[in-house]
Amino acid sequence: MDFQSKKLINDPNDVVTEFIEGLIENYPGLQYLDGFPEVKVVLRADVSGAKYDKVAIISGGGSGHEPAHAGFVGEGMLTAAICGDVFASPNVDSILAGIRSVTGPMGCLLIVKNYTGDRLNFGLAAEQAKSEGYKVEMVIVGDDCALPPPRGIAGRRGLAGTLLVHKVAGAAAACGLPLADVAAEAKRASEMVGTMGVALSVCTLPGQVTSDRLGPGKMELGLGIHGEPGAAVADLQPVDVVVSHVLKEILSPETNYVPITRGSRVVLLINGLGATPLMELMIIAGKAVPELQLEHGLAVDRVYTGSFMTSLDMAGFSISVMKADQAILDRLDAPTKAPNWPVGAEGNRPPAKIPVPLPPSHSIKSDKTLSRPEKLSPQGHILEAAIEAAATEVVNLRDNLNEWDNKVGDGDCGSTMFRGAVAILEDMKKYYPLNDPAETINEIGASIGRVMGGTSGILYSIFCKAAYAKLKENTESVVTALHWADSLEAAIAAVSKYGGASAGYRTLLDALIPALSALKERLNAGDDPVDAFIISAEAASAGAESTKHMQAQAGRSTYVPGDILASVPDPGAMAAAAWYRAAALAVKEKYNTA
């Protein structure tokens, strides 16, 4: 039976910021940007971006993997770590703040784990930073060896092997190498490492219940670091058997994920996932080294054992094997003050936090301040009703969305959508210029971008920005149903372009694409716009339900077995269908009472 987990926390929404505050108290070489809760960035206290004369190494991602990534900030390793909410990609503003804080004339290298949300957010931040004059390169790490190719558009996940890439890049940057050379060393290191994980339990997100997906006496092979299901569930075996299986998967000549053959020199990293005692990790290391030497004919030059990239309170481990030559060994052996690499940190204690830097223009927003009109037009009343109904429906669906996402993702879809919906409802009371539909859609995107993390947040921000741009092309005083249809079409096209998904990929687009098709068909046939909207909402609901029969090709569901996917619809598609239908019904009711 599911039960509420015990956690030593206060408010579940504050766990990341309070973790950062505690981290800074422990390590005087670190600071954080004073931008909580939206901006959560840990950085070296001895680095000032404008004056820094070396390449900055920046990484990050969702929190819950501590000590990664903030615990590896320090001279000789990361210059800054961008912290998202638990298991959610950091937002673009946080990443930009980190880039601006530590990047000097030599530029910066972003090291990104291969997850859709991380790629999108870090990618957008990189393009924005380049437009501001910064030199930026990005290396994506996908070291997962558990699942055979192909994996749709998602590819191999980024796991604990990423930390070895951080160390190589950090040491190269500390030597004063130019950005292109540092990026080349990081990319080469990323191609030399493979990782596979094994779990004995499922992690519990702060404030949520513990899943019973893994029963007694079972273990899960090839899982990710966000609690998403792995390649297979098997009976628990002695650690010798498990270690042997994991190493064979990593070094398999069939998949050829790592260029390691008999006679190669390698580095071994044994990583605990959060609730694994050091005793067990040492047992694993003690079995892995002779297995690599005797069974695979490899020379094991370095062994790192500990909890480096965890998954909250998950019991289990991962093994990373990296092909090594003297150049890589020199980088791994180079000194570093990163607190959670096995070298002590020292130095005088500077101020704990410093201000978030402004962009080069010295202005984040324009002088134009938007606000709610004193009197709403008829169009404004209808728009208000539609937004309120849509957001309220998402608020009410939180638990259902989380339950579905627990089975096919990382369990936070409902919580993420809930945060966005609550922000919309609150901001609409004060800031939305409801008589101006285009600007209102733009403000909805701003509300979402401020509070929603992960892939959902960035995709809905892109959705709103594209719809806004299309609506702004309209020179008429009233926005017609066809204008709304065109803006929906533009928004869908933008999400597909930047997210990489299309119809049949088991995403929110599988609700919105049928809705758009039905809406345009009925409008072109001359139907009443309200009726066309209702019909298109029914198409959205049908499209969302149909995702049960689809094999995921985007997002974390890509890694979930088909039999599990068939038991639930895609949570993102269900959320999209729900808010779309609620908006349609609200518009109909408003017209009927007018």
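Residues numbered from 1 in each chain as written. Predicted model: local features only at pLDDT ≥ 70, side-chain atom pairs only at ≥ 80, totals over all residues. Heavy atoms only, no water.

1. Quick look at a negative patch on the surface
Taken together, the side chains of Asp11, Asp14, Glu18, Glu21 and Glu25 present a region of like negative charge at the surface. Relative to the helices and strands, glutamate 25 is located in helix H1 (residues 15-26). (Patch = residues over 30% accessible without salt bridge, like charges linked within 9 Å, V, L, I, M, F, W, Y side chains within 5 Å. Areas by Shrake-Rupley, 256 points an atom, 1.4 Å probe, with all protein chains shown as cover. Salt bridge = Lys/Arg side-chain N within 4 Å of Asp/Glu carboxyl O. Lys, Arg positive; Asp, Glu negative; His and termini not counted. Charge placed at Lys NZ, Arg CZ, Asp CG, Glu CD. Helix = DSSP H or I, 4+ residues; strand = E, 2+ residues; numbered from the N terminus.)

2. Thoughts on the UniProt feature "binding site: substrate" (unreviewed entry) in the protein chain
The residues that UniProt annotates with the feature "binding site: substrate" (unreviewed entry) are Gly62, Ser63, Gly64, His65, Lys113 and Asp118. Here glycine 62 shows up in strand E4 (residues 56-63). Residue glycine 62 is classed as buried on the basis of its relative accessible area of 7%. If near-sequence neighbours (up to four positions away) are discounted, glycine 62 is found in contact with Gly84, Asp85, Phe87, Ala88, Ser89 and Pro90. Take histidine 65: it is sitting in the loop between E4 and strand E5 (80-86). If sequence neighbours within four positions are ignored, histidine 65 has contacts with Phe87, Ile225, His226, Phe308, Met309, Thr310 and Ser311. (UniProt positions renumbered as here; feature names shortened; annotations may be inferred. Buried < 20%, exposed > 50% of the residue type's maximum accessible area, 1.4 Å probe, protein only. Contact = heavy atoms within 4.5 Å.)

3. So, unusual backbone geometry
The omega torsion across phenylalanine 36 and proline 37 is 0°, close enough to zero to call that bond cis. As for its placement among the helices and strands, proline 37 is situated in the loop between strand E2 (30-33) and strand E3 (41-44). In this model, glutamate 66 is joined to proline 67 through a cis peptide bond whose omega is 15°. On the secondary structure map, proline 67 appears in the loop between E4 and E5. One non-glycine residue, phenylalanine 87, lies in the positive phi region at around 60°. With respect to the helices, strands and loops of the structure, phenylalanine 87 is situated in the loop between E5 and helix H2 (92-102).

4. Some thoughts on the confidence of the model for the protein chain
Per-residue confidence for the protein chain gives a mean pLDDT of 90; residues scoring 70 or more make up 94%. Confidence over residues 344-348 falls short of pLDDT 50; this stretch has seven contacts with residues more than four positions distant or in other chains. (pLDDT = per-residue confidence, 0-100.)

5. A few points about the packing of aromatic side chains
In this structure the tally under the stated criterion is seven aromatic pairs. Geometrically, the ring pair formed by tyrosine 304 and tryptophan 341 is tilted, given 4.9 Å between the ring centres and 45° between the ring planes. Of this pair, tyrosine 304 sits in strand E13 (residues 299-306) while tryptophan 341 sits in the loop between helix H8 (326-333) and strand E15 (353-354), and the two are 37 residues apart along the sequence. You'll find tyrosine 304 and tryptophan 341 in the same group, each marked buried. An aromatic cluster of three or more residues is present, and its members are Tyr460, Phe463, Phe533, Trp579 and Tyr580. Here the guanidinium or amino end of arginine 156 rests over the ring plane of tyrosine 257, the centre of that ring lying 3.7 Å away. Across the ring face of phenylalanine 418, the terminal group of arginine 398 is positioned such that the distance to the ring centre comes to 4.1 Å. (Phe/Tyr/Trp six-rings, centres within 6.5 Å; stacked < 30°, edge-to-face > 60°. Lys NZ or Arg CZ within 6 Å of the ring centre and 35° of its normal.)

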